[in-house]
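Below, each chain spelled out in residue letters.
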Amino acid sequence: MTPSIRAAKVEDIPMIGQLLHEYASDGRLLGRSESEIKSRLEDFVVSEINGRICGCGSLEIFTTELGEVRSLAVDPENHDKGIGRLMVNQIESMALSRGLSRIIALTYVPGFFSKLGYRIVSMESLPEKVFGVCVSCPKFDRCDEIAMQKELALL
Ligand SMILES: CC(C)(COP(=O)(O)OP(=O)(O)OC[C@H]1O[C@@H](n2cnc3c(N)ncnc32)[C@H](O)[C@@H]1OP(=O)(O)O)[C@@H](O)C(=O)NCCC(=O)NCCS
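Criteria and cut-off values
Residues numbered from 1 in each chain as written. Predicted model: local features only at pLDDT ≥ 70, side-chain atom pairs only at ≥ 80, totals over all residues. Heavy atoms only, no water. Near = heavy atom within 4 Å. Polar contact = N/O pair within 3.5 Å; in protein donor to acceptor, adjacent residues only side chain to side chain. Areas by Shrake-Rupley, 256 points an atom, 1.4 Å probe, with all protein chains shown as cover. Helix = DSSP H or I, 4+ residues; strand = E, 2+ residues; numbered from the N terminus. Nonpolar A, V, L, I, M, F, W, Y, C, P; charged D, E, K, R; others polar. Phe/Tyr/Trp six-rings, centres within 6.5 Å; stacked < 30°, edge-to-face > 60°. Buried < 20%, exposed > 50% of the residue type's maximum accessible area, 1.4 Å probe, protein only. Expected span 1.5 Å × (residues − 1). Disulfide = S-S within 2.5 Å. Salt bridge = Lys/Arg side-chain N within 4 Å of Asp/Glu carboxyl O.

Engineer: I tried to follow the site of the ligand on my own but got confused; where do I start?
Structural biologist: The environment of the ligand is formed by 19 residues, the closest being Leu72, Asp80, Gly82, Gly84 and Arg85. Separating an oxygen atom of the ligand from a backbone N or O atom of Val74 is a distance of 2.8 Å. Note that an oxygen atom of the ligand is positioned 2.8 Å from one of the backbone N or O atoms of Asp80. Taking 920 Å² as the accessible area of the ligand by itself, protein coverage stands at 75%. Taken together, the elements giving at least two residues each to the shell around the ligand come down to strand 4 (66-74), helix 3 (83-97), strand 5 (102-107) and helix 4 (110-115). Of the residues forming the shell around the ligand, the biggest block, 4 residues, is contributed by helix 4. Split by residue class, the shell around the ligand holds 10 nonpolar, 5 polar and 4 charged.

Next up, the structure:
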């Protein structure tokens, strides 16, 4: 069955929270509370197979040009079916439609993002992220994520 990607709905919030929680528990992602997801719901996409949510992701906007792929997760039984790629494509389209020209990801899976056209950049090249958001992260002084960036071509 082909996965579909759509904007997240209120009824998806518990499943999005659960997916993120599963990966947050082993440190692969930052967890997000249901109230935080609700307040940013218009920035979330979900993927569905047979009416069941199997992935989620969101767009975070930092500046008039810079956004981030955040909270990207595909449930383990549906890895390697192209769902992550489809969601990142959708998030990039959202970023373009909102006027952004660059998008980043902080990640432990650089191989995945490099397949999607992202290249590794230094954390120091991303002051909007590091000083705006990372400073309040519990892992700020021992961050081991890899920063990756993609220039968004105009459609
Ligand atoms: C990373 C993740 C979102 C990828 O989703 P996915 O649906 O399995 O990925 P896709 O099937 O769309 O893969 C797209 C391409 O990337 C490759 N790829 C997928 N995961 C990869 C990995 N961990 N390392 C290297 N390449 C990877 C695939 O082989 C595929 O390559 P191809 O185009 O040559 O066939 C998923 O593994 C996941 O949810 N991981 C746990 C949470 C996480 O780490 N999220 C990222 C936070 S930034």
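Picking up after the structure, the text goes on.
Engineer: Could you clarify how one ought to interpret the packing of aromatic side chains in this entry?
Structural biologist: Given two aromatic rings, their pairing is described by the distance between the two centres and the angle made by the two planes. For the coordinates displayed, the defined rule picks out 2 aromatic pairs. Taking the centre distance of 5.0 Å and the plane angle of 80 degrees together, the rings of Phe112 and Phe113 count as edge-to-face. Note on Phe113 and Tyr118: the rings are 5.2 Å apart at their centroids and 75 degrees apart in plane angle, and the pair reads as edge-to-face. An identical accessibility class is assigned to Phe113 and Tyr118; each is buried. Of the aromatic side chains, those joined through ring pairs into one cluster are Phe112, Phe113 and Tyr118.

Engineer: Looking at this structure, how should I read helix 3?
Structural biologist: Think of an α-helix as 3.6 residues a turn; residues three or four steps apart then line up on the same face. When the terminal C-alpha atoms of helix 3 are compared, their 21 Å separation across 15 residues agrees well with the 21 Å that a helix rising 1.5 Å per residue should span. Turning to helix 3, its buried residues are Ile83, Gly84, Met87, Val88, Ile91, Glu92, Met94, Ala95 and Leu96. Following helix 3 by one or two positions, Gly99 has its phi on the positive side, about 90 degrees.

Engineer: Would you mind showing me how to read the state of the cysteines here?
Structural biologist: One way to say it: the disulfide is the covalent bond shared by the sulfur atoms of two cysteines. Going through the model one piece at a time under the given rule, you end up with 0 disulfides. Cys54 carries a free sulfur, and the closest cysteine sulfur to it, the one in Cys56, is 9.9 Å from it. Taking the relative accessible area as the measure of exposure, Cys54 reaches 1% and is therefore buried. Judged by its relative accessible area of 0%, Cys56 falls in the buried class.

Engineer: When you look at the pattern of salt bridges in this model, what are you seeing that I'm missing?
Structural biologist: When the charged atoms of two side chains with opposite charge come close together, those side chains can pair. Using the criterion set out here, one finds 12 salt bridges in the structure. Here Asp26 ties to Arg28 by a salt bridge, and the two come within 3.2 Å at their closest N and O atoms. A relative accessible area of 46% places Arg28 in the partly exposed class. Connected via shared salt-bridge partners are Arg32, Glu36, Arg40, Asp43, Glu60, Arg70 and Arg98.

Engineer: Can you help me understand unusual backbone geometry in this one?
Structural biologist: A positive phi angle, close to 50 degrees, is found at Asn50, a residue other than glycine. Looking at the element boundaries, Asn50 is found in the loop between strand 2 (44-49) and strand 3 (52-61). Under the relative-accessibility criterion, Asn50 is labelled exposed at 60%. Its identity as a non-glycine residue notwithstanding, Asp80 has a phi of 65 degrees, on the positive side. Mapping Asp80 onto the fold places it in the loop between strand 4 and helix 3.

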